[in-house]
Structure formats: C-alpha cells, structure tokens
Amino acid sequence: MRSGAGGAGTGADWANAYTALATAFGAKAAGDDFWVSEDHAETQASAMTCNCPGTATSPCRVICVDHAGTVPPVSADLRTTATVSTTGANNLTLNGGAYYYGIAFQAGSGASSASVLAQGDNSLGLWFEACKFVLNGDGGSSRISFGAASTSGYVTRLINTTMQFGPTNTNQFSTIRGRFLWENTANAIAGSTIPTTLFASGTGIGLDARFVGVDFGAVGSGKSLFDHSTKQMPSRITFIDCKLGSSVAITTGTVDGWGAPIVRLVNCDSGNTNYRSAVYMYEGSIVSESTIVKSSGATDGTTPISRKMVSSARTKFYAPLRSDWSDWIQFWDDTTGSKTVTIATVTDNVTLKDNEAWVEVEYLGTSGYPLGLFASDAAADVLNAGTNQTTDGTSTWTTTGLTTPVKQSLSTTFTTTGKGLYRVRVCLAKASTTMYFDPLIASGARQYMIGESGYLNGEAAGAGAPPIFGIGGPLFRAKGD
Amino acid sequence: MSITNSVIVEDRAQRDGRRSIREQHTDSAGGLHYVDYLAEAAANVSAIMTARVAKLESTWADAEIESNYQRALDQLMPVLVHSTLAQFRAALRARFRDATGWELVRLGKFINSLALSDAQLTSLFGVSGVQLTALKTKLAALASRYDDVVSQVGS
C-alpha cells in the first residue's frame, strides 16, 4: 500500500500499490502480508472500517517498510512512519486478526469526537508493534478502544506502542477488553494532554490486562490510571515494573460489586524504589508501607516494609479482604512435620477478634498427593462470637502517626507431609478498618520467600549469600539467617 | 450527582518523605468515594483534591453512560446517578451511527421501545421530513428483527 501511488491499485508492486488499507484488505486473504510504504499517509473524511481478512489460525501481517528497499522487504527496510487517519467525527475501526508494525492510527479532527476502535473479532488476535494510536479530535467521547462489547476470546498485545490524546480534552480515555497486554514501551502516553483517567474496562466482556515495562511517567498529579467503577465486568488489571508519574492515583471511581475489577501494582513507582505494591478491589486495598514497620521485620535490605490493609465497609467474615489478592507469602519447605506461622500486626486502637482478622495457610498435608489443605486461626464458624487475637508483647513497631497502637499476632500450626511450597495469607474481615502486618513470617530459622510483589525479606548488601531466584520471582533469605 | 464535600482523611509521611494520601469525597446521596495515592513531599494535596472534584464527576458520568449503553443493549432502562437522560440519549445517538450487525439490531430495538416523539427523534438524530420517516421505519424494522431472533426456539 502506498497512498501516493498512481497506478492500477492492484497491489502488484509499489507503482500499482493499493492506496487504502480497507481496499487492500478487501482484495486479499487470511495469512497474507501487507507492505505499507513509509510515506503512506491515508486520510478519509468519513468513517473508516478496515476488515483485515486475518483469522485466528492465519492472521495477516501489516508492516511499514521502505518502498525503495528490498523486494520482498527485509529487516533493514522496516519503518515506523505510515499513517492511517480519519478526520471529522469519524471513527477508525480495525477488524480481523493481524500483526501491525510501524503504523500510526489516527482519528478525528477539530472539536469532533472520533475513536480508534481496534476490535478484532471472536477468538482473534491483534498485535501492534512500534505503532501509535492518536486521537486528533477534541471531543470528550473520543476513545482508543480495544475489543468490542459483543465479541469474546480475543487478545490484544501492544509492544513499544504509544497512545496520544487531546488536543486539549482530558475526558478522553482508553477502553480495554479481553486479554490485553502492553509491554516494553518508553513514554507510552505521548502529547501534552494527559487524560484525567487513562483506562477503563469496557462493558460486555471481562478484562485480563497486564502492563509490563511501560513508562506511564506522563500520568501524574491529579490523574488516575484506571477507573474501576460503575458495574464494570469482572476484570484483573496488573501493572508490573512500570514507571508512574508523581502523585498519580492508581484507581478512581467507586468499586461497584464483588465481581468488580481488581487493580494490582507490582513494583511500580515514580521514584527509585523496588518495593512498592498495591491492590485495589471491592473488599478494600492493600498497599506497601514504609513508616509503620516492625523492627527486624520484612525489608529489601535497605527499606523496612510492611503491608497496610484497609478494609471497605463491605467486608464480612465470609468475605474478608485477603492479602493473596496482592500476593501470597510463599515458602519452599524442605522438611515435613509440625510448623507454626505467626504474623505480627498493629492497629490504631482496634483490638481484633479471630472473626475479624486471622491468618490462613495452604500447605501440603495429604500423604501421597499434592492436595492442599488449609490451616487457620479464624473463629470456628460464621456464627462464632469471636475471641481476641493474641496480644503481641514481643514485637517492636515504629508507630509514627498511631495514637493508640494495639499489637497483636495471628498464628496457626499445621503439619506438612510433603516437600513443597506452602502459602500464607492474611485476612481482614472487620469493615472499615486499617491494619498493618509484617509479611516476614516467624516460622523457623530459615525462610525463603517468594512474592510477585517482590522484596519481602531482602538480605542487606554484603550480609551473606546472594538471593536465589526461583519460580515466580526472587527468593530471599530472611535477615539474620 | 455532584460532590458535596471533599476532605483529606490521611496525610502520612513515608520513609522516603513522600506522603500517603487518602481523599474522601461525599456525593449528594451521602455516598463516600476515596482516592488514594502517594504524593511527593512538597505536593499541595489540597489543591490536587480541589482540582480533582470536577474531573471525578465527569469521570463518573462517562463510566455510567458506558454502563448504561450495555444496559440498553440488554433492553434495560438506564440507571442515572451521575449522568443525565440527555447525556444518555446523546450517547445512544453516537453509538447508533457506528453500530453494525447484531449490536445495531439490539440498539435499534431499545431506541424503538422508548417510543420517542417525532420532535424528540428530530432533536436527537437531527433529521426531519423524509429522513425522519426513514429513521422511524428503520427503527421499527430493527425492533422486528430483534423480536424475530429472540423468539426462535430449537427443536
């Protein structure tokens, strides 16, 4: 394709190239390659729908290349300068399964609302590498949208691909659906106008989104990454190793329902840290904390860390805020037999009962099978009135900002029958309550901990053997080992 | 629905000097909405909170309109807490322009069921005379097609 070609428009060669993406798609078949000239600048003053013939088993490739280069193109011919645009209040829609390289998809102009809709179709995939999505219209209803409400089973992947909103309207945002993955992108949000809220999950189907190694540094003070409000579909959104803007809020909106989106942050920050994690959901939130911490507790070797759990008004004994939505605290156990797991906690003038906060352990306790069993110090059942959790007279906490610190410990004992991982989570069922817990478990002298949220027990520099990396993340020895 | 009160209920320093902030926004129905973030040490969090209010209301409205569109496809009436009926109808019009296939049929069924007057349709779609007649015919046809499909049963 080359918008400036003046030939027969058959696509046979550059001289006779198609001049429009939709036309080329309509003439070809699943699995075909489409070469887009580096100077292709297609513009249409009406709604544009590009129905790529690619299927689930035979997606197409649509690649920007130097038309003066080798035929067929080789790696050295790759370019990132083709544009496909609409003007006015006209959407640009991409259907069908395809891999796109080096193309900017742009919708709208002036004050109009116009969206880029990368919809795919049932069971299809859309992959965008070195591409751009740009909203040139300033209407507040403009969207960069992935997936359609009535389709299912598709995946969208963005690699080194940016989004741009504006020119001045901050009410625009990106709607995402299905399985969505965005990776390895510097300066992901281009332009001078940053949306107030960057993402929302679309209606109709759920969302499984992961952002890995994406620079959201432009999304800062007064902005939010994700709107998880108003009857959105069950979704899980995870940001891993991303750069954030200063003072950005991770979520906005009121979470509405038990199946509402769960938004997780794994080692993302606007500063030079390696321990910041968070999860936001209907039951409440769990975030990393660096002021109210336990002495000789969890640390990355430099910064002591605890977890702050803030339950919503909706938590209950049978529906607590659980720390495994952030991360399980996991151990590899080389020995079998009786073990005790203890978690230190502190609140501000709240004495918690065992039907309000407890620890749960999932362990291998069935001889001959890797069948997990559960141990807990929770109250016996939902009707139990509950008894106070154990007072912790041993732990020392930094309690700056707490008026009346109340220290308690959550503890349970169990017997393992097989080597393997055992996993621990903390549950907070008392509504509208803030509780801090130290994720370093006092369970014997040697502890290896894995957490997707990263450091839980880092060895201080030069203090001993280096960490061992295992499944799901780094293993760290507890301090003092 | 508007925000009637906004306060900062947590402003607590972290080890590196940044501050753990929780904003609490109360809406006109008494509902509480929270925004949590980690502010830079010197950030003017009051100003950030004040600037956020209007944007929150707009964000809630947009999210509700999106949700109500899905309700419309499911032939359910909208729930209007943060947005207005006028905003919802405008969104329907915009979506009707771009919808295709089964989505268009469902949307047409819903709009037809609203039994809007000629004046309302004219105002919403910007059509009159022959074009208005054609629109009404199209909506009725889409509704009929929807009814036909949903009435099908296996054997």
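See the structure printed just above.
Residues numbered from 1 in each chain as written. Chains lettered and ligands numbered in written order. Predicted model: local features only at pLDDT ≥ 70, side-chain atom pairs only at ≥ 80, totals over all residues. Heavy atoms only, no water.

Enquirer: How do you make sense of the side chain of S306 of chain A when you look at a structure like this?
Expert: All names here are of chain A. Along the chain, the position of S306 falls in strand β27 (residues 306-311). A relative accessible area of 0% means that S306 is categorised as buried. There is a polar contact of 2.7 Å between the side chain of S306 and the backbone oxygen of I292. With sequence-adjacent residues up to four places away left out, S306 is seen in contact with V287, S288, E289, I292, V293, W397, Y436, F437 and P439. (Helix = DSSP H or I, 4+ residues; strand = E, 2+ residues; numbered from the N terminus. Buried < 20%, exposed > 50% of the residue type's maximum accessible area, 1.4 Å probe, protein only. Polar contact = N/O pair within 3.5 Å; in protein donor to acceptor, adjacent residues only side chain to side chain. Contact = heavy atoms within 4.5 Å.)

Enquirer: Is there a simple way to explain unusual backbone geometry in this structure?
Expert: Peptide bonds are trans in most cases, and residues, glycine excluded, mostly fall at negative phi. Residues and elements named next belong to chain A. For the peptide bond that leads from V71 to P72, omega is -5°, which places it in the cis range. Mapped onto the elements, P72 comes out in the loop between β4 (60-65) and β5 (82-86). You will see that A130, though not glycine, has its phi angle at about 55°, which is positive. Looking at where A130 falls in the secondary structure, it is placed in the loop between β10 (125-129) and β11 (132-135). On the basis of relative accessibility, which here comes to 13%, the residue A130 falls in the buried class. A positive phi angle is found at N184, which is not glycine, with a value near 50°.

Enquirer: Hey, could you run me through the interface of chain A and chain B in this one?
Expert: How big an interface is tends to be stated in terms of the accessible area lost upon association of its parts. Each side of the interface is counted separately: chain A has 48 residues, and chain B has 33 residues. For the chain A and chain B pair, buried surface summed over both sides reaches about 3,000 Å², with 42% attributable to carbon and sulfur atoms. Inspection of the chain A/chain B interface yields four salt bridges. Between D269 of chain A and R18 of chain B there is a salt bridge whose closest N-O contact spans 2.6 Å. (Buried area = accessible area lost by both parts, 1.4 Å probe. Salt bridge = Lys/Arg side-chain N within 4 Å of Asp/Glu carboxyl O.)

Enquirer: Explain the environment of W328 of chain A to me, please; I cannot follow it from the model alone.
Expert: Residues and elements named next belong to chain A. Position of W328 relative to the elements: it lies in the loop between β28 (321-322) and β29 (329-333). Residue W328 is classed as buried on the basis of its relative accessible area of 17%. Along the sequence, W328 and P439 sit 111 residues apart, while their C-alpha atoms lie 9.6 Å from each other.

Enquirer: What exactly am I supposed to notice about the environment of Q24 of chain B here?
Expert: All names here are of chain B. By the element assignment, Q24 lies in strand β2 (residues 19-27). The class of Q24 is buried, set by a relative accessible area of 18%. Between the C-alpha atom of Q24 and that of Y34, which follows or precedes it by 10 residues, the distance is 4.8 Å. With sequence-adjacent residues up to four places away left out, Q24 is seen in contact with N5, S6, V7, V9, L32, H33 and Y34.

Enquirer: Even after reading the chapter, I still don't get the packing of aromatic side chains, so can you show me in this structure?
Expert: Residue and element names in this part refer to chain A. Under the criterion given, the structure shown has 25 aromatic pairs over all chains. Between Y100 and F105, the ring centres sit 5.3 Å apart and the planes meet at 90°, which makes this aromatic pair edge-to-face. Residue Y100 shares its accessibility class with F105, and that shared class is buried. Centroid distance F211 to F216: 5.8 Å. Interplanar angle 70°. Geometry classified as edge-to-face. There is no split in this pair, since F211 and F216 are both buried. By way of ring pairs, the aromatic residues Y100, F105, F128, F133, F146, F180, W182, F199, F211, F216 and F239 are connected into one cluster. Above the ring of Y282, the side-chain terminus of R314 is found at 4.1 Å from the ring centroid. (Phe/Tyr/Trp six-rings, centres within 6.5 Å; stacked < 30°, edge-to-face > 60°. Lys NZ or Arg CZ within 6 Å of the ring centre and 35° of its normal.)

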